[in-house]
Amino acid sequence: MNKETLIKKLAQKNNTHNSEMKSIVESLFDLIKDELIEGKQVSIVGFGSFSIKKRKARVGRNPNTGKTLQLPEIKTPFFNASTKLKTDIKNKNA
């Protein structure tokens, strides 16, 4: 599901216009992004948590040339699903 489909389904489920729901979804994503940029974790009980993880500096390889290069430490977004979400998915697929 992409963002446009998400907005349409939420609008139908809540009997609202797509434009109103788009504003809400965009605001939610912006809030999560802003918290992560500030180095904070966002936890949604029963769904999961968003956080920032640091990847250590490492030696990489250019796949085109085979030449090694030093990759710097970076921060990357990370999502950790809650136990409830994992259980719900597991039970649905069983």
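Look up a bit, the structure's there.
Predicted model, so just to flag it, every value in this text is computed and none were measured.

1. Some thoughts on the overall build of the protein
Part 1: If you tally the helices and strands in the protein, you get three helices and five strands.
Part 2: If you list the helices and strands of the protein from N to C, you get α-α-β-β-β-β-β-α.
Part 3: Taking 2.2 N^0.38 as the reference for a compact globule, 94 residues should give roughly 12 Å; the C-alpha atoms of the protein span a radius of gyration of 19 Å, well beyond that estimate.
Part 4: Here the C-alpha coordinates of the protein stretch approximately 55 × 35 × 30 Å along the principal axes.

2. Description of the layout of surface pockets
Part 1: Its volume calculated, the largest pocket comes out at about 220 Å³.
Part 2: For the lining of the largest pocket, the secondary structure elements donating two or more residues are α1 (3-13) and α2 (18-37).
Part 3: At seven residues, α2 tops the list of elements feeding residues into the lining of the largest pocket.

The rules we used
Residues numbered from 1 in each chain as written. Predicted model: local features only at pLDDT ≥ 70, side-chain atom pairs only at ≥ 80, totals over all residues. Heavy atoms only, no water. Helix = DSSP H or I, 4+ residues; strand = E, 2+ residues; numbered from the N terminus. Rg over C-alpha atoms; globule rule 2.2 N^0.38 Å. 1 Å grid on protein atoms, 1.4 Å probe; cavity = no way out; pocket = protein on both sides within 12 Å on 5 of 7 lines; lining within 4 Å. Points joined across faces, edges and corners; volume = space filled by probe spheres on them.

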